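Residues per chain, in single letters:
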Amino acid sequence: MNTMGKVKKKLGLSLVLSYVLLIALSLSLSTIIYVWLKRQSSIEEAPECPDGVSIIIQEYNCLSGNEIELTLKNHGRFNISGIYIRGTDDKNMMPLDGLIFDSGDFYDMTTEGEERGFYLFKKGSIEDSFPGDTHAGKFIYDSGSSLEKISVEPFRLAKNGEIILCFNAVVSQEVNC
């Protein structure tokens, strides 16, 4: 009976040890799988404009030859890299035609074959518009014989150079040019 008791003790110890090893193996495998899945599914959020981005059309003047002069002001709390400016000859329509840059405080970002209307701010050697900065420029429109409405949408540049449009800061102005 003494031998039988030793065998039962060893069997009991062996059974407990196997359960401990099984649980430890399960936990380590689940941790490895969790880390692997986390790395595989790491989705970066799309960059957005902060809520405090704002631009206003301070002044506009209609010039001869399908040209308009605009004075814009960064009215928000953050820097703005540039604007996307569009116009239309129907005040009831959303402006879709990008205006063509003529002269002023902007760099034309448009390359051949791309949608026009994207312009970077320039002020000396600084290429961002700080809160309170004003920028003036002349733009040519070809949306028919007149310009009835313009739309200005600020944008920021991401670190990789990608344009981040500020959808929540679009300003539209009816004009009679």
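See the structure shown above.
Rules used in this analysis
- Residues numbered from 1 in each chain as written.
- Predicted model: local features only at pLDDT ≥ 70, side-chain atom pairs only at ≥ 80, totals over all residues.
- Heavy atoms only, no water.
- Disulfide = S-S within 2.5 Å.
- Helix = DSSP H or I, 4+ residues; strand = E, 2+ residues; numbered from the N terminus.
- Buried < 20%, exposed > 50% of the residue type's maximum accessible area, 1.4 Å probe, protein only.
- Phe/Tyr/Trp six-rings, centres within 6.5 Å; stacked < 30°, edge-to-face > 60°.

Visitor: When you look at the state of the cysteines in this model, what are you seeing that I'm missing?
Guide: The bond known as a disulfide is covalent and runs between the sulfur atoms of two cysteines. Under the definition given, this model contains two disulfides. Between the sulfur atoms of C62 and its disulfide partner C177 the distance amounts to 1.8 Å. Note on the C62 and C177 pair: the S-S dihedral is about -65 degrees, so by sign convention the disulfide is left-handed. One end of the pair, C62, is in strand β1 (residues 55–63); the other, C177, is in the segment after β11 (171–174), with 115 residues separating them in the sequence. Residue C62 is classed as partly exposed on the basis of its relative accessible area, which comes to 34%. Residue classification places C177 among the buried positions, given a relative accessible area of 19%. Among the cysteines of the protein that take part in disulfides, numbered as they appear in the sequence, the pairing is 1-3, 2-4.

Visitor: What is the right way to look at the packing of aromatic side chains in this model?
Guide: The way to describe two aromatic rings as a pair is by their centre distance and the angle between their planes. Within the structure shown, the criterion is met by three aromatic pairs. Aromatic pair Y84 and F118: ring centres 4.1 Å apart, planes at 5 degrees, arrangement stacked. Pair noted here: Y84 is in strand β3 (residues 82–88) and F118 is in strand β7 (residues 118–121), with a separation of 34 residues, a long-range link. Accessibility expressed as a relative area gives 5% for Y84, which makes it buried. Exposure remark for F118: the relative accessible area of 15% places this residue in the buried category. For the ring pair Y119 and F139, a centre distance of 5.5 Å and an interplane angle of 55 degrees mean the geometry is tilted. Of the two residues, Y119 sits in strand β7 while F139 sits in strand β8 (residues 134–140), which places them 20 residues apart along the sequence.

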